[in-house]
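Report on the structure
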Amino acid sequence: MFGLEKWFAKGKNTKQAIIELLNGYRSAALPVGIDANWVIKTQESKAQIQVQINFPFAIQCDQDVASYLQQHLGKPVEVTSKVVVVGRPKFKAIKHIILVASGKGGVGKSTTAINLAYALRAQGAKVGVLDADIYGPSLPSLLALEDEKPQAKDDKTLLPIEKSGIKAMSIGFLVPAEDATVWRGPMASQALTQLLNETDWGELDYLIVDMPPGTGDIQLTMTQKVPASGAVIVTTPQTLALADAQKGIAMFEKVQLPILGLVENMSYFNCAQCGSRNHIFGHSGGTTLASRYGVPLLAEVPLNDQIRTATEQGEDIISATREPSSESKTDNHGIADHYVDCAQLVASMLYYQSDSTSGVEIVMTED
Ligand SMILES: Nc1ncnc2c1ncn2[C@@H]1O[C@H](COP(=O)(O)OP(=O)(O)OP(=O)(O)O)[C@@H](O)[C@H]1O
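Residues numbered from 1 in each chain as written. Predicted model: local features only at pLDDT ≥ 70, side-chain atom pairs only at ≥ 80, totals over all residues. Heavy atoms only, no water.

As a further point, take the overall build of the chain. The helix and strand tally for the chain stands at 13 helices and 13 strands. The burial tally for the chain puts 52% of its 367 residues in the buried class. A fraction of 75% describes how many contacts in the chain between residues 6 or more apart in sequence connect residues 24 or more apart. Roughly 16,600 Å² of accessible area belongs to the chain as shown, and the carbon and sulfur atoms make up 50% of that amount. (Helix = DSSP H or I, 4+ residues; strand = E, 2+ residues; numbered from the N terminus. Buried < 20%, exposed > 50% of the residue type's maximum accessible area, 1.4 Å probe, protein only. Contact = heavy atoms within 4.5 Å. Areas by Shrake-Rupley, 256 points an atom, 1.4 Å probe, with all protein chains shown as cover.)

Right under this line is the structure:
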């Protein structure tokens with residue numbers, strides 16, 4: 001006895017069967033399945049079953065869920081979903097602020113931050129990016145918007161610049177880079193507070209904050225000034241970078257900010273000619289560090305020319321390469337998928353760790 005017959009034999013109707021099956025669905029970002037409350041509608045016709053789901057965090061998995069249901073129900077299934085991020089905003093109308101940090105410079109923190117933003121957007125969320133790298137703002141060039149100037153909404157508020165569905169603000173849009181490099185610590189953290197406070201972000205599900213590299217006093221002060229939900233730490237596999245990433249973990253633990261996970265960037269290189277995978281900067285460092293500190297390894301992103309060129313040209317690599325791409329002969333896991341998987345994990349962790357029921361609202365001051 002197969003498919004729906006099996007369920008009817010147990011005296012269940014199609015809706016009950018679907019809900020039960022969805023509850024048993026598992027993926028890295030859906031570790032306890034799809035909750036019955038997220039299922040908005042089920043409809044069965046002769047030809048197919050239609051299921052409508054509202055996910056409470058950024059995730060796009062309609063095809064996977066449809067194939068899973070189809071396999072069990074023995075009938076074509078169409079799944080459509082929307083992302084409706086739940087929880088009270090923690091700051092203005094922003095539901096979650098995510099810090100992207102690194103122990104040292106040049107490991108690909110800004111590249112990860114912007115691609116994480118694109119990936120969350122591609123999963124159906126409302127996303128903004130704040131470039132807090134006051135001394136070396138890179139957001140204007142990552143978005144290819146170097147000559148843009150934000151418009152003033154009124155005396156006190158600036159409108160963020162929008163590109164590819166992302167709202168962006170950076171000190172780089174406001175002052176020449178050479179002016180910001182001479183700012184001392186307090187000026188830098190005050191600039192960050194002002195950028196966060198005085199930008200009209202509107203409603204956002206996730207605001208990604210690209211932090212300045214390092215784990216010194218400036219980074220610590222900035223972390224304390226931003227009402228963040230969690231941090232993502234970017235590292236490369238070299239021993240030195242890992243040692244610095246460890247300091248980053250310690251810094252966030254000190255201020256009790258949840259660490260959502262590690263991204264190991266430039267993790268390996270796939271040779272386009274011979275198809276072999278080379279761990280040019282070392283092997284398994286991120287995995288070891290993640291397990292030592294009990295934090296998830298969110299992604300192992302390869303050193304890849306597509307990533308460099310897209311970010312240098314201000315392109316949204318997630319939309320551009322979302323089709324299954326052949327990154328190399330041995331790896332058909334598209335470049336975009338690394339960021340999409342990372343985004344889904346981050347969103348899932350924020351949802352499951354959320355204290356949205358506590359109703360606590362954080363108010364920022366400028367001292
Ligand atoms: N996975 C990758 N594959 C190829 N190139 C990459 C990758 N990640 C980052 N890059 C390139 O490395 C350079 C440094 O990246 P990025 O600016 O993101 O680093 P960062 O850690 O933010 O640096 P900083 O400390 O200066 O802010 C850029 O040219 C970027 O395009």
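Once the structure has been displayed, the description carries forward.
In the vicinity of the ligand there are 18 residues, among which Lys109, Ser110, Thr111, Asn265 and Pro302 approach most closely. Taking Gly108, its main chain carries an N or O atom lying 2.9 Å from an oxygen atom of the ligand. At a separation of 2.8 Å, an oxygen atom of the ligand approaches a polar backbone atom of Ser110. Sorting the residues of the shell around the ligand by element identifies helix H4 (109-122) and helix H11 (305-312) as the ones contributing at least two each. Residues that form the shell around the ligand fall into these classes: six nonpolar, eight polar and four charged. (Near = heavy atom within 4 Å. Polar contact = N/O pair within 3.5 Å; in protein donor to acceptor, adjacent residues only side chain to side chain. Nonpolar A, V, L, I, M, F, W, Y, C, P; charged D, E, K, R; others polar.)

When you line up the elements, Ile18 lands in helix H2 (residues 14-23). Contacts of Ile18, omitting those with residues within four sequence positions, involve Thr42, Ile49, Val51, Leu69 and Leu73.

The strand order across the open sheet formed by three strands is S1-S2-S3, and the pairing between neighbours is mixed. Of all strands in the sheet, those with a lone pairing partner are strand S1 (39-44) and strand S3 (77-83), marking the two edges. If you compare each strand with its neighbour and ignore which way they point, the axes differ by 10 degrees on average. Where strand S2 (residues 49-55) meets S3, seven bridges bridge the pair, whose relative direction is parallel. Considered in S3, the bridge of Ile53 is made with Ser81. Each of S2 and S3 is contacted by helix H3 (residues 62-73), which is oriented at about 145 degrees to S3, the strand it contacts most. (Pairing = 2+ DSSP bridges. Axes fitted to C-alpha atoms, helices over the stretch in contact; angles between N-to-C directions.)

Across all of its chains, the model carries seven aromatic pairs by this definition. A centroid spacing of 6.2 Å and a plane angle of 90 degrees characterise the contact between Trp38 and Phe57, whose relative ring orientation is edge-to-face. Here the residue Trp38 occupies a position in the loop between H2 and S1, and Phe57 occupies one in the loop between S2 and H3, the gap between them amounting to 19 residues. Judged by relative accessible area, Trp38 falls into the buried class, the value being 8%. A relative accessible area of 1% means that Phe57 is categorised as buried. Three or more aromatic residues joined by ring pairs make a cluster, and in this case those are Trp38, Phe55, Phe57, Tyr351 and Tyr352. (Phe/Tyr/Trp six-rings, centres within 6.5 Å; stacked < 30°, edge-to-face > 60°.)

Strand-to-strand pairing in sheets goes through backbone hydrogen bonds, with the strands running parallel or antiparallel. Spatial strand order, S6-S7-S5-S8-S4-S9-S10-S13: eight strands in an open sheet with mixed pairing. A single partner strand is all that each edge strand has here, and the edge strands are strand S6 (161-163) and strand S13 (297-301). With direction set aside, neighbouring strand axes in the sheet form an average angle of 25 degrees. Strand direction decides the pairing type here: strand S5 (residues 127-131) and strand S8 (residues 204-210), joined by five bridges, are parallel. Looking at S8, one finds that Leu130 is bridged to Val209. Packing against the sheet, helix H10 (residues 285-293) makes contact with strand S10 (259-265) and S13, and its axis sits at approximately 165 degrees to S10.

Turning our attention to the confidence of the model for the chain. On average, residues of the chain carry a pLDDT of 87, and 87% of them reach 70 or more. Considering only residues more than four positions removed or in separate chains, one finds that residues 324-333, a stretch of pLDDT under 50, has 24 contacts. Scored below 50 in pLDDT, residues 356-367 shows 24 contacts in the model against residues more than four places distant or in partner chains. (pLDDT = per-residue confidence, 0-100.)

Although it is not a glycine, Met266 adopts a positive phi angle of roughly 55 degrees. Topologically, Met266 is positioned in the loop between S10 and strand S11 (269-270). A positive phi angle is found at Ser284, which is not glycine, with a value near 65 degrees. Relative to the helices and strands, Ser284 resides in the loop between strand S12 (277-278) and H10. By relative accessible area, which is 28% here, Ser284 ends up partly exposed.

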